[in-house]
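Listed below are the residues making up each chain.
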Amino acid sequence: MTVLPGKLSDYAGKEMSGDFAPLVLIPTTAGTGSEATKFFVYTDTATDAKLLMKGDALLPKLAVIDWTYTISSPVSITVATGMDALTHAVEAYTSKKSNPVTDIYCLDAIKQIFKYLPLAAKDGNDKTAREQMALAAYEAGVCINNSSVTLVHGMSRPIGALFHVPHGISNAMLITECLRFALDGEGAEERFAKIAEEIGEAEKTDSPSCASKKFLGALERLTKTLEVPSLREYGIDLEKFAVSEEKMASDALASGSPANTRKAVIKEDIIAIYDRLRLA
Ligand SMILES: [Fe+2]
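Source: prediction; values computed, not measured.

Some remarks on the overall build of the protein
Turning to step 1, where the next piece is worked out: Check the secondary structure of the protein and you find 10 helices and four strands.
Turning to step 2, where the next piece is worked out: Starting at the N terminus and walking to the C terminus, you meet the elements of the protein as β-β-β-β-α-α-α-α-α-α-α-α-α-α.
Turning to step 3, where the next piece is worked out: In the protein, which comprises 280 residues, the share counted as buried stands at 51%.
Turning to step 4, where the next piece is worked out: Sequence-distant contacts in the protein: of pairs separated by 6 or more residues, those separated by 24 or more amount to 72%.

Now the structure itself:
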């Protein structure tokens, strides 16, 4: 903002450009993938909304991806950021904007995260797990930069903005229910089935319907292993949540992310998913 007029929120939804200082990004978590994207997110405290900012000028000139910087990340941050990276890869792979190049990165990232995130969470000093997670988070960043996120991120940002849940945890709370909803979208089942096969959860001979459900089962097990809390367990005021669902659904749709889902999403669908999370 040193080179731009106005305030940051004036640029929400617009392409940010300007004569910015060269940007060098060094991730210290295996998560957001910011080192590979033209996006950043911030909470506008004036409106309690999490805003997604974008612009090619926000892509770093240089990214230094060194897993040794992630070693000291505590288990809570490791889980939250790792689940963010997984959500990026799964959403980009099943987005309407998926493409054959990001598909390769997505599948690799998903496979590595399923294998190594539980290990990194269990033992933060596991060098192989940390290294593979750093690579996977980068790959997943490349994927969202080119193929976008979908319903999960759309619905996750409002929870973060209003209830201050870490981004990766609100993704993790939402991901299974959102994908269950998206399953009958155009070509979605085949894509989820492919993920199931890739992570060793389904056989090639399984029908897409069967394999895609196996993927959802694997996701549920992963979030259990990583002790992802429910809204209730996190201590969220469920009454406040209930009255906020309308605003959160509007904010989710306004972000544009839900429209990348392979199934048409309307406000009532989003509210129904928020309801399911609240009543779980
Ligand atoms: Fe994210």
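Some details on the coordination of the iron ion
Turning to step 1, where the next piece is worked out: Distances from the iron ion to its protein donors, namely Asp84 (OD), His88 (NE2), His153 (NE2) and His167 (NE2), fall within the range 2.1 to 2.2 Å.
Turning to step 2, where the next piece is worked out: Taken together, the four donor atoms coordinating the iron ion span angles of 83 to 168° at the metal, a pattern that classifies the geometry as irregular.
Turning to step 3, where the next piece is worked out: Considered as a linear motif, the donors of the iron ion on their single chain read D-x3-H-x64-H-x13-H. Of this pair, Asp84 sits in helix 1 (residues 75-94) while His167 sits in helix 5 (residues 167-182), and the two are 83 residues apart along the sequence.

Some thoughts on the pattern of salt bridges
Close approach of charged atoms allows side chains with opposite charge to pair.
Turning to step 1, where the next piece is worked out: What the rule picks out here adds up to 15 salt bridges.
Turning to step 2, where the next piece is worked out: A salt bridge links Lys194 to Glu198, with the shortest nitrogen-to-oxygen separation between them at 3.8 Å. Of the two residues, Lys194 and Glu198 are both situated in helix 6 (residues 188-198); the distance of four residues between them amounts to about one turn of the helix.
Turning to step 3, where the next piece is worked out: Relative accessible area serves as the criterion here: at 30%, Lys194 is assigned to the partly exposed category.

With respect to the packing of helix 2 (residues 100-122) against helix 3 (residues 127-147)
A packed helix pair is summarised by two numbers, namely the angle formed by the two axes and the spacing between the axes.
Turning to step 1, where the next piece is worked out: It is at 8 Å that the axes of helix 2 and helix 3 come closest, and there the two elements cross at 145°. The chirality of how helix 2 crosses helix 3 is left-handed.
Turning to step 2, where the next piece is worked out: In the contact of helix 2 with helix 3, the residues fall into 15 nonpolar, six polar and three charged.

Notes on helix 7 (residues 208-225)
Turning to step 1, where the next piece is worked out: For helix 7, which comprises 18 residues, the first-to-last C-alpha distance of 25 Å matches the rise-based estimate of 26 Å (1.5 Å per residue) to within 8%.
Turning to step 2, where the next piece is worked out: Residues Ala211, Ser212, Phe215, Leu216, Ala218, Leu219, Leu222 and Thr223 constitute the buried set of helix 7. Each buried residue of helix 7 sits inside an arc of 155° when the element is viewed along its axis, so together they form one side. Residues of helix 7 that are exposed and point more than 90 degrees away from the buried face comprise Lys224 and Thr225.
Turning to step 3, where the next piece is worked out: The inward-facing, buried residues of helix 7 contact helix 1, helix 2, helix 5 and helix 6.

Points about the state of the cysteines
Turning to step 1, where the next piece is worked out: Counted under the stated rule, the structure contains zero disulfides.
Turning to step 2, where the next piece is worked out: Free cysteine: Cys106, not disulfide-bonded; nearest cysteine sulfur from Cys143 at 3.2 Å.

Points about the side chain of Ser170
Turning to step 1, where the next piece is worked out: Along the chain, the position of Ser170 falls in helix 5.
Turning to step 2, where the next piece is worked out: For Ser170, a relative accessible area of 0% gives the class buried.
Turning to step 3, where the next piece is worked out: In this view, Ser170 contacts Ser156, Ile159 and Val165; residues no more than four positions away in its chain are not counted.

Concerning unusual backbone geometry
Turning to step 1, where the next piece is worked out: Positive phi, normally seen in glycine, also occurs at Ser148, with a value near 70°.
Turning to step 2, where the next piece is worked out: In this fold, Ser148 is placed in the loop between helix 3 and helix 4 (151-163).
Turning to step 3, where the next piece is worked out: Within the chain, Glu227 stands out as a residue other than glycine whose phi angle is a positive 55°.
Turning to step 4, where the next piece is worked out: Turning to its location among the elements, Glu227 is positioned in the loop between helix 7 and helix 8 (231-234).
Turning to step 5, where the next piece is worked out: Given a relative accessible area of 68%, Glu227 falls into the exposed group.

Focus on the nonpolar core
Turning to step 1, where the next piece is worked out: Counting 70 residues, the largest nonpolar core has Met83, Leu86, Phe114, Met155, Leu174, Phe215 and Tyr274 as its most contacted members.
Turning to step 2, where the next piece is worked out: Element by element, the count of residues in this core is highest for helix 2, at 10 residues.
Turning to step 3, where the next piece is worked out: Among the nonpolar cores identified, the runner-up in size contains eight residues, and Leu4, Tyr11, Met53 and Leu58 belong to it.

Points about the environment of Leu253
Turning to step 1, where the next piece is worked out: In this fold, Leu253 is placed in helix 9 (residues 238-254).
Turning to step 2, where the next piece is worked out: Residues Leu253 and Tyr93, 160 residues apart in the sequence, show an inter-C-alpha distance of 20 Å.
Turning to step 3, where the next piece is worked out: Beyond its immediate sequence surroundings of up to four residues, Leu253 is in contact with Pro258, Val265, Ile266, Lys267 and Ile270.

Remarks on the UniProt feature "domain: Fe-containing alcohol dehydrogenase-like C-terminal" (unreviewed entry) in the protein
Turning to step 1, where the next piece is worked out: UniProt records the feature "domain: Fe-containing alcohol dehydrogenase-like C-terminal" (unreviewed entry) at residues 78-275, using the numbering of this structure.
Turning to step 2, where the next piece is worked out: The distance from the first to the last C-alpha atom of residues 78-275 is 28 Å, and the span holds 75% helix and 0% strand.

Quick notes on the UniProt feature "domain: Alcohol dehydrogenase iron-type/glycerol dehydrogenase GldA" (unreviewed entry) in the protein
Turning to step 1, where the next piece is worked out: The UniProt record marks residues 16-66 with the feature "domain: Alcohol dehydrogenase iron-type/glycerol dehydrogenase GldA" (unreviewed entry), using the residue numbering of this structure.
Turning to step 2, where the next piece is worked out: Helix makes up 0% of residues 16-66 and strand 31%, whereas the separation of the span's terminal C-alpha atoms amounts to 28 Å.

Rules and cut-offs
Residues numbered from 1 in each chain as written. Predicted model: local features only at pLDDT ≥ 70, side-chain atom pairs only at ≥ 80, totals over all residues. Heavy atoms only, no water. Helix = DSSP H or I, 4+ residues; strand = E, 2+ residues; numbered from the N terminus. Buried < 20%, exposed > 50% of the residue type's maximum accessible area, 1.4 Å probe, protein only. Contact = heavy atoms within 4.5 Å. Donors = N, O, S within 2.8 Å, 3.2 Å for Na, K, Ca; no water. Tetrahedral: all angles 85-135°; square planar, octahedral: opposite > 155°, others 65-115°. Salt bridge = Lys/Arg side-chain N within 4 Å of Asp/Glu carboxyl O. Axes fitted to C-alpha atoms, helices over the stretch in contact; angles between N-to-C directions. Left-handed = near helix turned anticlockwise from the far one by under 90°. Nonpolar A, V, L, I, M, F, W, Y, C, P; charged D, E, K, R; others polar. Expected span 1.5 Å × (residues − 1). Arc of directions from axis to C-beta. Disulfide = S-S within 2.5 Å. Core = buried A, V, L, I, M, F, W, Y, C linked by side-chain atoms within 4.5 Å. UniProt positions renumbered as here; feature names shortened; annotations may be inferred.

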